[in-house]
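# Survey of secondary and tertiary structure
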Amino acid sequence: MNNIVIFDTTLRDGEQSPGCSMNLAEKLEVAQALVDLKVDVIEAGFPIASPGDFEAVQAIAREVRGVTICGLARCNDKDIDRAGEALKVAEDPRIHVFLATSAIHREFKLKMGKDEIIQRAIAGVERAKMHTSNIEFSPEDAARTEPDFLCQVVEAAIKAGATTVNIPDTVGYATPAHMGGVIRDLVNRVPNIDKAVISVHCHNDLGLAVANSLAAIENGAGQVECTINGIGERAGNCSLEEIVMALRTRSDYFNKTTRIDTTRLVPASRLLTSVTGMEVQRNKAIVGRNAFAHEAGIHQDGMLKNPTTYEIMRPEDVGFKKTDLVLGKHSGRAALADRALALGYHLEGDKLQEVFEAFKKLADKKKEVYDSDIAALIEKRASSASDRWKLVRYELRLEADGIPSATVTLSRGDEKQTDTFFGGDGPLDALFRVIEKITGIQVVVRDYRVHSVSQGKDAQGESTIEVEYDGRVFRGRGVSTDTVEASTLAFLNATNRVLMSAGQPPQVSYRDTV
Ligand code: KIV
Ligand code: ZN
């Protein structure tokens, strides 16, 4: 009873945030990181949304073991059967059926009365029972639903066979006292509540998702839904790393545990950043670069005397490494794999070989290879693993009158293409324009950054870029000791993401009516 079930929805709600869509290989990589973290449930996607979503849920169900794999479905037979089909191969499948219950949603979105909602909820849970006995039901916008009606819906869903009832604060409207009250009410008033686990799913519109989830746990919730780095619709979801570390650090108060291996939190956060290109702010709790940095002299003095003076958690407990061992060009494959594992990454087979080759090239250019360099190489591989177009070479020239010219060669499978662009607003613009000429994808650059990955003059540069194409946001990332190359790789990575999304039918949104 003291264990809180960690339900991760990075691959479903998280993937819905703008610019965070992932391809199949990336989803499998993130799913593996979630297994390493030891989450209890992975919500792998929304199978009816698109063929790509279906395929991803099916592949994760087939390949990922030792964890419950969940698929989302609206409350209708087609959605539920599609989820059941995708999850057929899972070791422990769960279908997550949802239907909005608040007055606003009933009146304006669903145009349904209360009785119809209850009948639909019962029918949905019963349909899901044809596929699995592990059924979660969510009354969407529960936090804004009339308490009496919420109790009725939850009771009916449990009676029909729901084993988990999830209470979403869909629009991030609740406060901790409000959310705690909603859960307490269900515990006290729903007669069959002991037959199901109560779950909570909070959005972060007011920055309260973690606080609201903790209040729900204090009042009887046994499952919390969350995402790595808190990504998700709009302002995001409850952040997995924050809720887990709050429960652990204040176990004296909450008296709850989770199965999470907290030393995997930083690697999981970094992996997600590399596959989505969505960085976390420096001062982000738990996984931000500054989360354990002490600047004030008085703090540093205290830390040297005793770290507990200013640190409530140890950096190594969340996966930051204290030692920054240095590898060099004489280090072998085993040393690299060992160091990678210490940093939280599994490197074997082809993956190890690829990173090892990149490491050797880097060690030739750079005398000392730091942990952050190794992490950047692994993450670079993860973000570009399924790139369609690859950079073969580039050349930049400034013509006599100061006009830049860029020549780029890209490859795609066996095909190679070289092109040149004269002019543009500077050398980078010229490079980006050649890539646009070759790939045929023209984007608008919305954000572009470069920063150094480790220390020293020869440090690797990491470039991140955000572009807009057809009203949608895509991100890209590139790493190299040459910052121009890093920027070119970032632009190409973003372009590849545009290409990846092209040709896919428009997604069914889970906000659409039933
Ligand atoms: O925010 C929400 O209400 C959801 C549901 C599908 C659980 O994501
Ligand atoms: Zn949500």
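Predicted model, so just to flag it, every value in this text is computed and none were measured. (Residues numbered from 1 in each chain as written. Chains lettered and ligands numbered in written order. Predicted model: local features only at pLDDT ≥ 70, side-chain atom pairs only at ≥ 80, totals over all residues. Heavy atoms only, no water.)

### Side note on the nonpolar core
By size, the foremost hydrophobic cluster in this structure holds 97 residues, and its most contacted members are I42, I69, F137 and I243. For this core, the two domains that each supply at least three residues are domain 1 (5-276) and domain 2 (293-379). Discounting residues that sit within four places of it in the chain, I42 has contacts with D8, L11, A31, L34, V35, V64, V67, T68, I69 and C70. (Core = buried A, V, L, I, M, F, W, Y, C linked by side-chain atoms within 4.5 Å. Buried < 20%, exposed > 50% of the residue type's maximum accessible area, 1.4 Å probe, protein only. Domains from an automatic or database assignment. Contact = heavy atoms within 4.5 Å.)

### A closer look at helix α5 (residues 114-129)
Between its terminal C-alpha atoms α5 stretches 23 Å, which fits the 22 Å expected from 16 residues at 1.5 Å a residue. All of the buried residues along α5 are I117, I118, A121, G124, V125 and A128. Each buried residue of α5 lies within a common arc of 125 degrees when the element is viewed along its axis, so the set occupies one face. In α5, those exposed residues whose orientation departs by more than 90 degrees from the buried face are D115 and Q119. The inward-facing, buried residues of α5 contact α3 (77-87), β4 (93-100), α4 (103-110), β5 (135-140) and α6 (147-160). (Helix = DSSP H or I, 4+ residues; strand = E, 2+ residues; numbered from the N terminus. Expected span 1.5 Å × (residues − 1). Arc of directions from axis to C-beta.)

### Comments concerning the site of ligand 1
The full set close to ligand 1 counts 12 residues, and R12, D13, T170, H201 and H203 are the nearest of them. Between an oxygen atom of ligand 1 and a side-chain N or O atom of R12, the distance comes to 2.9 Å. Here an oxygen atom of ligand 1 and a side-chain polar atom of H201 are 3.1 Å apart. Compared with its free state, where it exposes 260 Å², ligand 1 has 100% of that area covered by protein. Partitioning the shell around ligand 1 into residue classes produces 3 nonpolar, 6 polar and 3 charged. (Near = heavy atom within 4 Å. Polar contact = N/O pair within 3.5 Å; in protein donor to acceptor, adjacent residues only side chain to side chain. Areas by Shrake-Rupley, 256 points an atom, 1.4 Å probe, with all protein chains shown as cover. Nonpolar A, V, L, I, M, F, W, Y, C, P; charged D, E, K, R; others polar.)

### Looking at the coordination of the zinc ion (ligand 2)
Tetrahedral coordination by four donors places them ideally at 109.5 degrees to one another around the metal; octahedral coordination by six donors ideally gives 90 or 180 degrees. At 2.0 to 2.1 Å from the zinc ion (ligand 2) lie its protein donor atoms, namely D13 (OD), H201 (NE2) and H203 (NE2). Site description for the zinc ion (ligand 2): donor spacing in sequence, D-x187-H-x1-H. Note that D13 is positioned in the loop between β1 (5-8) and α1 (24-37) and H203 in the loop between β7 (197-202) and α8 (209-218), a separation of 190 residues in sequence. Overall, the relative accessible area of 1% leaves H203 in the buried class. (Donors = N, O, S within 2.8 Å, 3.2 Å for Na, K, Ca; no water.)

### Remarks on the pattern of salt bridges
Counting across every chain of the model gives 40 salt bridges. Between E140 and K109 there is a salt bridge, and its shortest N-O distance comes to 2.9 Å. You can see E140 sitting in strand β5 and its partner K109 sitting in helix α4, a full 31 residues away along the chain. Owing to a relative accessible area of 4%, E140 belongs among the buried residues under this scheme. For the salt bridge of K437 with D419, the shortest nitrogen-to-oxygen distance reads 3.1 Å. In this pair, K437 is assigned in helix α16 (residues 427-439) and D419 in strand β11 (residues 415-422), connecting sequence segments 18 residues apart. Relative accessible area serves as the criterion here: at 45%, K437 is assigned to the partly exposed category. Look at D419 and you get partly exposed, because its relative accessible area is 26%. Through salt bridges with shared partners, a single network forms among R248, R314, E316 and D317. (Salt bridge = Lys/Arg side-chain N within 4 Å of Asp/Glu carboxyl O.)

### A word on the side chain of S102
Residue placement: S102 occurs in the loop between β4 and α4. S102 sits in the buried class, given a relative accessible area of 0%.

### Points about the domain arrangement of the protein chain
Split by domain assignment, the protein chain resolves into domain 1 (5-276), domain 2 (293-379) and domain 3 (385-500). Each of domain 1 and domain 3 was reduced to a C-alpha centroid, and the two centroids are 38 Å apart. Counting residues at the interface gives 12 residues for domain 1, matched by 7 residues for domain 3. Summed over both sides, the interface between domain 1 and domain 3 buries roughly 740 Å², with carbon and sulfur atoms accounting for 41% of that surface. At the junction of domain 1 with domain 3, the criterion picks out 1 salt bridge. Where domain 1 touches domain 3, the interface holds 5 residue pairs in polar contact (both at pLDDT 80 or more). (Buried area = accessible area lost by both parts, 1.4 Å probe.)

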